[in-house]
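# Structure at a glance
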Amino acid sequence: MTTAARTGEPDQPGGPARPDTEVVFDPATYTRGVPFAALARLRRDTPVAWVPEIPVLGWPAGPGFWLVLRHADVESVLTRPKLFSSALGATQIRDPATPQALGYVRRMMLNMDPPEHARLRRLLGRSFTPRAVAQLEHRIRGHARVICDRAFAGRGGECDFAKDVAAELPLLTLADVLGVPEQDRWLLFDWSNRVIGYQDPDYASSAEFDPAAGTPMAREALALRPVPDRDGRLPDPRTREGMPDLYAYAHLLAEEKRRHPGDDVMSILLAQSDEDGGQVSAAEFENMFWLFAVAGNETLRNGLPGACIALLDHPGAQDELRADLSLMTSAADEMLRWWTPVMTFRRTATADCELGGQPIRGGDKVVVSFTSANRDEAVFADPGRFDIRRHPNPHLVFGHGPHFCLGAHLARTQLRALFEEVLARTSSLRYAGQPSYLRSNFQRGVKRLPVAWTA
């Protein structure tokens with residue numbers, strides 16, 4: 001295996017250049033923005049590139065992985081689960097710390113291969129009934145109106161779009177999907193912060209939820225929340241031991257829904273039976289709750305401020321959308337492509353093979369770059385340009401193949417609903433300060449986004 005030797009962005013402005021592979025791997029890089037130039041060089045010169053896992057953030061070095069940068073190769077990996085497994089080593093770049101931790105994450109649908117994955121996906125897919133989805137769409141638009149009524153009151157002002165506008169809509173929508181009582185919804189915010197933001201000290205110990213305002217279920221679950229050790233470190237939130245409060249809450253919620261089912265998706269799921277007459281087990285429900293509470297929240301929570309940044313950087317697009325909101329359908333997909341909230345996902349090769357001209361060995365980690373694939377010049381004309389009329393737009397924001405995101409329709413609905421409300425209430429949006437980005441090589445996260453607006 002050879003490391004890409006071409007040097008790219010400096011570690012700090014004016015500092016010595018580092019290999020592009022090191023730049024794109026280092027989570028600290030992304031606090032300054034996505035290294036698109038490094039990704040473009042790799043995509044052109046080494047489209048399947050070997051990336052050493054250097055020691056970062058106090059973690060030891062890892063074995064390294066193949067980074068897949070071209071759109072066609074990313075699709076190829078994601079459509080061949082027998083060759084590129086989600087279960088063998090799970091789907092995060094870093095290997096789980098212990099065999100027990102790997103066994104734990106393998107019980108999540110995200111980290112399953114067929115046929116286990118197909119069984120749960122069918123049960124969940126059948127739970128998104130047309131009636132349930134129609135109710136969700138109606139509630140999404142209502143939530144977007146309420147949020148924007150509050151954030152954009154008066155003749156103008158400033159707000160933190162990431163916290164005051166974008167954070168709440170995914171929480172409210174997920175609370176509707178999961179049947180979580182509204183007063184507990186900020187629990188979802190803290191849980192997703194802790195898991196997705198574990199590389200960032202601002203997020204790793206998130207505690208926005210007020211237990212006094214929550215349900216008895218929430219207070220009972222929070223009694224199990226981990227506390228920092230003597231060094232101020234919390235247990236790894238990507239393990240079951242790191243999130244006991246989430247699992248306790250999911251267990252209590254499932255018990256409540258079996259006693260008193262509602263019309264939410266999770267109540268419908270718990271009543272479903274598979275082909276053998278079996279139902280979703282308590283452990284399966286808990287793991288599915290984790291997946292929705294974390295992945296379902298965080299991706300859109302970063303996609304919404306990312307979409308806002310696209311409009312702030314392109315005020316002409318704001319004006320075009322205000323003049324013709326029918327453009328919002330194509331604009332929403334371009335916002336998602338241009339930002340790409342989930343940057344990478346990992347698979348593990350089950351056998352020796354070849355990809356992009358590189359020999360891959362069985363057991364090697366293979367990491368797809370959605371960020372690179374969504375800027376692939378072979379697929380997208382002038383890929384760095386933000387084009388709200390872009391068609392076709394075969395972006396991979398929601399993945400591809402058997403793991404294609406079940407929530408894609410609801411994510412698009414939320415994005416369209418929110419920005420239709422935002423643009424209807426404003427004549428201009430502009431920066432009121434510098435955005436602050438998440439330290440992560442997985443999620444393209446926005447921690448703060450100060451905006452000024454005029455009614």
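In this text the structure is predicted, and so the values were computed from the model without any measurement.

### Comments concerning the confidence of the model for the protein
Residues with a pLDDT of 70 or more make up 93% of the protein, whose mean pLDDT is 90. With pLDDT under 50 throughout, residues 1–8 is counted as low confidence; its partners more than four residues away or in other chains account for 29 contacts.

### Some remarks on the pairing of strand β7 (residues 344–349)
Judged by how many residues are buried, β7 sits mostly within the fold: six of six residues are covered. Burial along β7 is two-sided: the residues Thr 344, Arg 346 and Thr 348 and Phe 345, Arg 347 and Ala 349 are all buried. The pairing of β7 with strand β10 (residues 365–369) spans five bridges and is classified as antiparallel. Residue pairing in the sheet places Arg 346 in a bridge with Val 367 of β10.

### Digging into the nonpolar core
Grouped together as the largest cluster of nonpolar side chains are 102 residues, with contacts concentrated most on Phe 161, Tyr 249, Phe 289, Trp 290, Leu 418 and Phe 419. Looking at this core, the element that brings in the most residues is helix α14 (residues 282–313), giving 16 residues. Residues within four places of Phe 289 in sequence aside, it is in contact with Leu 178, Val 180, Leu 188, Trp 191, Leu 246, Tyr 249, Ala 250 and Leu 253. In terms of nonpolar packing, the next biggest core, distinct from the first, is built from 21 residues, Trp 50, Val 68, Val 77 and Cys 353 among them.

### Some points on the pattern of salt bridges
Taken as a whole, this structure holds 30 salt bridges when the rule is applied. Across the pair Asp 20 and Arg 41 runs a salt bridge, and its minimum N-O distance is 2.9 Å. Note that Asp 20 is positioned in helix α1 (residues 20–25) and Arg 41 in helix α2 (residues 36–45), a separation of 21 residues in sequence. Arg 41 gets classed as buried once you look at its relative accessible area, which sits at 18%. Among the salt bridges present, the one from Arg 122 reaches Glu 275, with a minimum N-O distance of 3.2 Å. Within this pair, whereas Arg 122 is found in helix α5 (residues 116–127), its partner Glu 275 is found in the loop between α13 (265–271) and α14, the two being separated by 153 residues in sequence.

### Describing the packing of aromatic side chains
Summed over all chains, the structure comprises 17 aromatic pairs. Taking the centre distance of 6.4 Å and the plane angle of 20 degrees together, the rings of Phe 128 and Phe 292 count as stacked. Of this pair, Phe 128 sits in the loop between α5 and α6 (130–151) while Phe 292 sits in helix α14, and the two are 164 residues apart along the sequence. A single burial state applies to Phe 128 and to Phe 292, both of which are buried. For the pair Trp 186 and Phe 189, a centre-to-centre distance of 4.7 Å together with 65 degrees between the ring planes defines the contact as edge-to-face. Within this pair, Trp 186 and its partner Phe 189 are both found in helix α9 (residues 185–196), separated by three residues, close to a single helical turn.

### With respect to the sheet that holds strand β11 (residues 428–431)
The sheet built from three strands is open, its strands ordered β6-β14-β11 with antiparallel pairing. Each end of this open sheet is capped by a strand with a single partner; those strands are β6 (156–160) and β11. Within this sheet the neighbouring strands show an average axis-to-axis angle of 25 degrees, counted without direction. Here β6 pairs with strand β14 (residues 450–454) via five bridges, running antiparallel.

### What to know about unusual backbone geometry
In this structure, Pro 115 follows Pro 114 across a cis peptide bond, with omega equal to 5 degrees. Note that Pro 115 resides in the loop between α4 (99–105) and α5. Cis peptide bonds are those with omega within 30 degrees of zero, and the linkage from His 391 to Pro 392 qualifies with -5 degrees. Assignment of secondary structure puts Pro 392 in the loop between α17 (370–373) and α18 (408–425). Although it is not a glycine, Ala 90 sits at a positive phi angle of roughly 70 degrees. Relative to the helices and strands, Ala 90 resides in the loop between β5 (84–85) and α4. Within the chain, Asp 382 stands out as a residue other than glycine whose phi angle is a positive 45 degrees. Counting through the fold element by element, Asp 382 comes out in the loop between α17 and α18.

### Brief notes about the sheet that holds β10
Spatially, the five strands line up as an open sheet ordered β3-β4-β10-β7-β5, and their pairing is mixed. Edge positions in the open sheet fall to β3 (48–53) and β5, since each of these has one partner strand only. Contacts from helix α3 (residues 71–78) reach β3, β4 (62–68), β5, β7 and β10 within the one sheet, and its direction differs from that of β10 by about 130 degrees.

### Comments concerning the environment of Ala 132
Residue position: Ala 132 is located in helix α6. The class of Ala 132 is buried, set by a relative accessible area of 5%. Here the alpha-carbon distance between Ala 132 and Leu 311, two residues 179 residues apart in the chain, equals 32 Å. Ignoring any residue separated from it by four or fewer positions in sequence, one finds Ala 132 in contact with Ser 127, Val 265 and Ile 268.

### Things to note about the packing of helix α16 (residues 328–339) against α18
Relative orientation of the contacting elements α16 and α18 amounts to 110 degrees, with a least axis distance of 10 Å. Looking at the two axes, α16 sits roughly perpendicular to α18. Of the two possible hands of crossing, α16 and α18 adopt the one that is right-handed. Each of Met 328, Thr 329, Ala 332, Asp 333, Met 335 and Leu 336 in α16 lies in contact with α18, whose residues at this interface are Arg 412, Leu 415, Arg 416, Phe 419, Glu 420 and Leu 423. Along the lines of polarity and charge, the residues of the contact of α16 with α18 split into seven nonpolar, one polar and four charged.

About the criteria used
Residues numbered from 1 in each chain as written. Predicted model: local features only at pLDDT ≥ 70, side-chain atom pairs only at ≥ 80, totals over all residues. Heavy atoms only, no water. pLDDT = per-residue confidence, 0-100. Contact = heavy atoms within 4.5 Å. Buried < 20%, exposed > 50% of the residue type's maximum accessible area, 1.4 Å probe, protein only. Helix = DSSP H or I, 4+ residues; strand = E, 2+ residues; numbered from the N terminus. Pairing = 2+ DSSP bridges. Core = buried A, V, L, I, M, F, W, Y, C linked by side-chain atoms within 4.5 Å. Salt bridge = Lys/Arg side-chain N within 4 Å of Asp/Glu carboxyl O. Phe/Tyr/Trp six-rings, centres within 6.5 Å; stacked < 30°, edge-to-face > 60°. Axes fitted to C-alpha atoms, helices over the stretch in contact; angles between N-to-C directions. Parallel < 35°, antiparallel > 145°, perpendicular 65-115°, else oblique. Left-handed = near helix turned anticlockwise from the far one by under 90°. Nonpolar A, V, L, I, M, F, W, Y, C, P; charged D, E, K, R; others polar.

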